[in-house]
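A look at the structure
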Amino acid sequence: MAKKLIDLVNISKSYGENLVLDDLNLYVKENEFITLLGPSGCGKTTLLRIIGGFESPNTGSVIFDGKDITNLAPNKRQLNTVFQNYGLFNHMSIAENIAFPLKIKKKSKSYIEDKVKYALKLVNLDGFETRTVDSLSGGQKQRIAIARGIVSEPKVLLLDEPLGALDLKLRQDMQYELIRLKNELGITFIYVTHDQEEALTMSDKIVVMNQGYIQQIGTPEDIYNEPQNAFVADFIGDSNIFPAVMVHDKLVKILGAEFECVDVGFGVNKPVDAVIRPEDIDLVPVGTGILDGVVTHIIFKGVHYEMEVTANGYKWLVHSTDMFPVGSEVGIYVKPFEIQIMKKPESEDEEAIVIDE
Amino acid sequence: MTNKHSLKKLLAGPYLVWAVAFIIIPLIMIMYYGLTTEKGHFTFANIATITTPDNLKALGLALLLSIISTLICLILAYPLGMILSNSNINSSSFMIILFILPMWMNFLLRTIAWQSLLEKNGVINSVLSLLHLPRFEMINTPGAIIVGMVYNFLPFMILPLYNVLSKIDKDVINAARDLGANGFQTFHRIILPLSVPGIISGITMVFVPSLTTFVISDILGGSKILLIGNVIDQEFVQSSNWHVGSGLSLILMIFILISMAMIAKYDKEGEGSAF
Ligand SMILES: Nc1ncnc2c1ncn2[C@@H]1O[C@H](COP(=O)(O)OP(=O)(O)OP(=O)(O)O)[C@@H](O)[C@H]1O
Ligand SMILES: [Mg+2]
């Protein structure tokens with residue numbers, strides 16, 4: 001298995017009264033594409049700045065390749081950052097921007113020239129050497145920032161919402177470019193975003209954060225299919241989250257109706273949260289499902305229809321390629337393995353403790 | 001289209017009148033006086049008076065003192081501008097007000113205040129003698145004039161530097177550090193080249209008034225030290241010789257234009273050689 005490259009141990013950070021990161025632990029393996037995902041203000045940038053060396057944590061340490069680098073200056077760290085607003089040097093040409101880290105390292109002229117050419121090729125901007133920063137589009141600036149970040153062959157590239165300013169099409173193109181770059185270069189990527197789709201597309205591992213706590217760490221599939229709590233379920237994709245009661249193993253009561261499921265070990269008659277993804281709900285003829293409802297709303301979404309089905313006093317969000325007009329009565333059926341049961345936090349504090357471990 | 005155009009012209013009207021009345025006409029008059037005799041004949045004689053040893057000395061001294069003052073202002077203001085641009089908004093605006101506050105006082109008053117500070121029996125020497133320290137003779141020396149220039153014109157150096165330094169994106173500096181540059185390299189390759197426009201305008205705003213001043217040298221230099229400004233002042237006021245005064249003013253103007261051209265040229269080269 002790949003070794004741990006970065007290990008964050010008991011990191012806490014507060015600005016005045018505002019506790020931004022609370023006793024956070026996280027490791028990153030070599031050659032991994034890891035994404036920090038969470039809502040605005042949850043501390044993603046702060047964590048990235050601590051790794052990059054622009055901010056020091058109040059407690060805890062940053063271990064890089066087995067060495068404690070918590071107090072090491074940014075210029076001594078073998079990791080480069082692509083800043084949210086690129087941080088390009090306006091007074092230099094594109095070639096000079098990319099050459100900057102190499103010139104600092106006093107590389108030879110011919111080496112620098114070759115490297116700049118190679119880096120520009122990697123980001124598909126061959127021939128841009130003499131252009132000025134001002135003359136570039138947002139997406140081009142972003143790619144130059146990446147070229148500059150990788151040209152000195154750092155072990156890790158930190159990216160802070162680099163695609164935030166781009167339009168959807170360009171963003172999707174860049175997502176594939178980034179994945180290709182990561183595979184070609186063998187550099188570890190730590191990527192920050194609040195776009196869950198982006199995280200699911202690109203990552204080997206996703207770290208879902210909220211209010212300074214890590215909510216869940218896992219592969220995109222884990223995070224999507226088996227969210228560990230209501231926050232993750234709600235934040236990743238659309239979902240129906242119900243307060244439910246675990247009657248006994250493999251049987252859960254949702255809104256008074258009993259559903260078979262596959263989860264065990266939650267006890268008998270215990271309150272839980274149940275998550276059902278909208279695409280996992282099957283609409284069947286009335287009476288043949290587990291409960292019946294009425295379609296109250298429908299939107300065409302391109303690939304599928306998004307419907308709202310009112311059943312047992314709750315509006316169920318359903319995605320289906322079949323169309324049921326508003327007012328039609330339908331039955332609702334969910335396959336046992338498509339129901340995800342989560343322990344219910346009894347208080348905010350407990351939520352934090354559960355997440356901490 | 002044409003409507004918009006004429007509206008723009010209309011709005012520019014008052015400024016045009018102002019510029020003609022207070023800039024163009026005086027300039028033409030100075031040119032006229034400088035290039036004519038009292039009888040109205042064309043001559044270069046007024047301008048040629050710069051070549052007398054006394055006038056050359058006054059010009060040379062004025063150039064020397066204003067260059068020194070400008071350099072001192074730059075050396076004092078640059079670190080201050082960096083500190084101000086790095087501190088939070090509240091404390092930096094307080095500091096800036098602190099430095100601008102004296103500008104709200106009359107220029108003459110400020111200079112006279114320095115006179116009484118530096119005088120033989122002035123405040124500084126009184127304090128020194130109270131402490132049984134040797135007195136020092138500063139008043140009526142070129143040094144006193146430099147003190148006056150620096151004190152009066154320092155804010156004009158601080159403001160443009162602070163402006164340009166505080167506009168540098170923190171992430172640009174972070175990026176340089178991130179890519180391996182140490183503090184000095186970051187300053188040399190990023191901060192300094194990006195602050196060149198502020199340096200240029202600071203230099204012009206200190207150098208030009210220093211070169212042309214006669215009040216500061218009058219008050220702090222006694223009547224012994226003459227700068228070119230004093231010579232021109234005397235021609236106009238004491239000798240009432242507007243022709244020679246204007247001729248010398250033209251010379252001074254040429255020097256100002258030359259220095260600005262040199263700075264503008266350096267600016268371009270500076271941008272080119274910064275990396
Ligand atoms: N220099 C600072 N001084 C004071 N508070 C700060 C500072 N930097 C960040 N914060 C606070 O820390 C919290 C986390 O900020 P951070 O920038 O890490 O969020 P984020 O997850 O990157 O959000 P976004 O997705 O909006 O970029 C916020 O509440 C923010 O106000
Ligand atoms: Mg952020």
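As the structure is a computational prediction, the values presented were derived from the model and not from experiment. Numbering of residues starts from 1 in each chain and follows the order in which that chain's sequence is written. For this description, chains carry letters from A and ligands carry numbers from 1, given in the order in which they are written. Restriction of local features to residues with pLDDT of at least 70 applies here, the model being predicted, together with a cutoff of 80 or more for giving and counting side-chain atom pairs; totals for whole chains, interfaces and linings are based on all residues. Remark: hydrogens and water are excluded; side-chain values derive from all non-hydrogen atoms of the structure.

**Description of the pattern of salt bridges**
Residues and elements named next belong to chain A. Quick reminder of the rule: When a carboxyl oxygen of Asp or Glu is within 4 Å of a side-chain nitrogen of Lys or Arg, the pair counts as a salt bridge. Each helix is a run of H or I in the DSSP string that is no shorter than four residues. Each strand is a run of E no shorter than two, and both are numbered from the N terminus. Accessibility here uses a 1.4 Å probe with only protein chains present; expressed as a share of the type maximum, an area under 20% marks a residue as buried, one over 50% as exposed, and anything in between as partly exposed.
In this structure the tally under the stated criterion is 16 salt bridges over all chains. The closest approach of N and O atoms between lysine 205 and glutamate 32, which form a salt bridge, is 3.6 Å. Placement of lysine 205 in strand 9 (residues 205-210) and of glutamate 32 in the loop between strand 2 (18-29) and strand 3 (33-37) is noted, with a sequence separation of 173 residues between them. Overall, the relative accessible area of 12% leaves lysine 205 in the buried class. Residue class for glutamate 32 comes out buried when judged on its relative accessible area of 10%. Within the structure, one salt-bridge network assembled from shared partners comprises Lys3, Asp65 and Lys155.

**Brief notes about the domain arrangement of chain A**
Our working definition: These domain boundaries are the output of an automatic or database domain assignment.
Domains assigned within chain A are domain 1 (4-225) and domain 2 (239-350). When each unit is reduced to the centre of its C-alpha atoms, the spacing between domain 1 of chain A and domain 2 of chain A is 39 Å.

**Structural notes on a nonpolar patch on the surface**
The line we're drawing: Here, patches come from residues exposed beyond 30% relative accessible area and free of salt bridges, joined within 9 Å for like charges and within 5 Å for nonpolar side chains (Val, Leu, Ile, Met, Phe, Trp, Tyr). Method for areas: the Shrake-Rupley scheme with a 1.4 Å probe, in which residue coverage is limited to the protein chains shown.
A contiguous nonpolar patch, built from B:Trp18, B:Val20, B:Phe22, B:Ile23, B:Ile24, B:Ile25, B:Leu27, B:Ile28 and B:Met29 and spanning about 850 Å² of accessible area, is present on the exposed surface. Tracing the sequence through the fold places B:Trp18 in helix 1 (residues 2-34).

**Digging into the environment of A:Ile298**
For A:Ile298, the location among the structural elements is in strand 16 (residues 291-300). Taking the C-alpha atoms as reference points, A:Ile298 and A:Val62, separated by 236 residues in sequence, lie 50 Å from one another.

**Describing unusual backbone geometry**
With a phi angle near 60°, A:Lys106 is a residue other than glycine that sits in the positive phi range. Note on A:Lys106: relative accessible area 68%, which makes it exposed. Here the phi dihedral of B:His132 falls at roughly 60°; this positive angle occurs in a residue that is not glycine. Along the chain, B:His132 turns up in the loop between helix 6 (123-130) and helix 7 (142-166). A relative accessible area of 73% means that B:His132 is categorised as exposed.

**Focus: the site of ligand 1**
Residue and element names in this part refer to chain A. Stated formally: Here a residue is near a molecule or strand as soon as one of its heavy atoms is found within 4 Å of it. Polar contacts, as used here, are pairs of N or O atoms within 3.5 Å; protein pairs need one atom able to donate a hydrogen and one able to accept it. Residues neighboring in sequence count only if both atoms are side-chain atoms.
As a matter of local geometry, ligand 1 sits amid Tyr15, Asn18, Val20, Ser40, Gly41, Cys42, Gly43, Lys44, Thr45, Thr46, Glu161 and His194. A distance of 3.2 Å separates an oxygen atom of ligand 1 from a polar backbone atom of cysteine 42. Contact between ligand 1 and threonine 46: an oxygen atom at 2.5 Å from a side-chain N or O atom of the residue. Considering ligand 1 on its own, with 640 Å² of exposed area, one finds that the protein chains cover 60% of that surface. Put simply, the parts of the chain that give the shell around ligand 1 at least two residues each are strand 2 and helix 1 (44-52). In terms of residues, the shell around ligand 1 owes the most to one element, helix 1, which gives 3 residues.

**Notes on the pairing of strand 8 (residues 188-193) of chain A**
Residues and elements named next belong to chain A. Definition in use: Pairing between strands is defined by DSSP: at least two bridges between the two strands are required. Crossovers are marked right-handed if the path from the first strand over the helix to the second runs clockwise, as seen with the strands pointing away from the viewer.
Taking burial as the measure, the 6 residues of strand 8 include 6 buried ones, the bulk of the element. Where burial is concerned, the two faces of strand 8 agree: the one with Thr188, Ile190 and Val192 and the one with Phe189, Tyr191 and Thr193 are both buried. By the bridge criterion, 5 bridges tie strand 3 to strand 8 in an arrangement that is parallel. Bridged to phenylalanine 33 within strand 8 is phenylalanine 189. Inspection of the sheet shows strand 7 (residues 156-160) paired to strand 8 by 5 bridges, in the parallel sense. Considered in strand 8, the bridge of aspartate 160 is made with valine 192. Handedness of the strand 7-helix 5 (residues 168-185)-strand 8 crossover: right-handed.

**Focus: the packing of aromatic side chains**
Short version of the rule: Stacked, tilted and edge-to-face pairs are distinguished by plane angle, under 30 degrees for stacked and over 60 for edge-to-face with tilted covering the rest, among Phe, Tyr and Trp rings (Trp via its six-membered ring) whose centres lie within 6.5 Å. Each ring is checked for a lysine NZ or an arginine CZ that lies within 6 Å of its centre and within 35 degrees of its normal; such an atom marks a charge sitting over the ring.
A full pass over the atoms with the stated rule returns 19 aromatic pairs over all chains. Note on A:Phe300 and A:Tyr305: the rings are 5.2 Å apart at their centroids and 50° apart in plane angle, and the pair reads as tilted. Ring geometry for B:Phe153 and B:Phe156: centres 6.3 Å apart, planes at 40°, overall tilted. Of this pair, B:Phe153 and B:Phe156 are both found in helix 7, 3 residues apart, which corresponds to roughly one turn of the helix. Residue classification places B:Phe153 among the buried residues on the basis of a relative accessible area of 6%. Three or more aromatic residues link up through ring pairs in this structure, and these residues are A:Phe242, A:Phe259, A:Tyr314 and A:Trp316. One cation-aromatic arrangement involves A:Arg148 over A:Phe89; the distance from NZ or CZ to the ring centre is 4.5 Å.

**With respect to the sheet that holds strand 2 of chain A**
All names here are of chain A. Going by this rule: In this description, contact between two residues means that some pair of their heavy atoms is separated by no more than 4.5 Å. Lines fitted to C-alpha atoms define the axes, with helix axes restricted to the stretch in contact, and inter-axis angles between N-to-C directions lie between 0 and 180 degrees.
Within the open sheet, the 4 strands sit side by side as 2-1-4-5. Their pairing is antiparallel. The open sheet has two edge strands, strand 2 and strand 5 (67-68), and neither has a second partner. The sheet contact formed by strand 4 (residues 59-64) and strand 5 spans 2 bridges and is antiparallel. Its bridge partner lying in strand 5, phenylalanine 64 is registered against lysine 67. Along the sheet face, helix 1 touches strand 1 (4-15), strand 2 and strand 4 and points at about 120° away from the line of strand 1.

**Observations concerning the interface of chain B and chain A**
The criterion, for reference: Note: buried area is the sum, over both parts, of the accessible area (probe 1.4 Å) each one loses when the two are combined.
Each side of the interface is counted separately: chain B has 18 residues, and chain A has 23 residues. Summing the contributions of chain B and of chain A, the shared interface buries around 2000 Å²; its carbon and sulfur component is 60%. Applying the counting rule to chain B against chain A returns 0 salt bridges. Counting the contacts that link chain B with chain A gives 4 residue pairs in polar contact (both at pLDDT 80 or more). Secondary structure elements with two or more residues in the side of chain B that touches chain A: helix 8 (170-178) and helix 9 (183-194) of chain B. The greatest single-element share of the side of chain B that touches chain A, amounting to 7 residues, is contributed by helix 8 of chain B.

**Regarding the environment of A:Ala274**
Position of A:Ala274 among the secondary structure elements: in strand 14 (residues 270-276). Ignoring any residue separated from it by four or fewer positions in sequence, one finds A:Ala274 in contact with A:Asn240, A:Ile241, A:Phe242, A:Ala244, A:Ile254, A:Ile339, A:Gln340 and A:Ile341.

**Side note on the sheet that holds strand 9 of chain A**
Residues and elements named next belong to chain A. Ordered in space as 6-7-8-3-9-10, the 6 strands form an open sheet in which the pairing is mixed. Each having just a single partner strand, strand 6 (79-82) and strand 10 (213-218) make up the two edges of the open sheet. Neighbour-to-neighbour, the strand axes of the sheet open up by a mean angle of 15°, direction not taken into account. Judged from the 5 bridges that link them, strand 9 and strand 10 form a sheet pairing that is antiparallel. Along strand 10, the bridge assignment pairs methionine 209 with isoleucine 214.

**A look at the packing of helix 2 (residues 94-104) of chain A against helix 3 (residues 109-122) of chain A**
Residue and element names in this part refer to chain A. This is how the line gets drawn: Any angle between 65 and 115 degrees counts as roughly perpendicular, while under 35 counts as roughly parallel, over 145 as roughly antiparallel, and the rest as oblique. It is the rotation of the near helix from the far one that decides the hand of a crossing: anticlockwise by less than a right angle makes it left-handed, clockwise makes it right-handed. Classification used: nonpolar for Ala, Val, Leu, Ile, Met, Phe, Trp, Tyr, Cys and Pro, charged for Asp, Glu, Lys and Arg, polar for all others including Gly.
Closest axis-to-axis distance for the helix 2/helix 3 pair is 9 Å, and the angle between their directions is 120°. One element, helix 2, and the other, helix 3, form an angle in the oblique class. Two packed elements cross with a definite hand, and for helix 2 against helix 3 that hand is right-handed. Residue-level inspection shows Ile94, Ala95, Ile98, Ala99, Leu102 and Lys103 of helix 2 in contact with helix 3, the latter providing Tyr111, Ile112, Lys115, Val116, Ala119 and Leu120. Classifying every residue of the contact of helix 2 with helix 3 gives 10 nonpolar, no polar and 2 charged.

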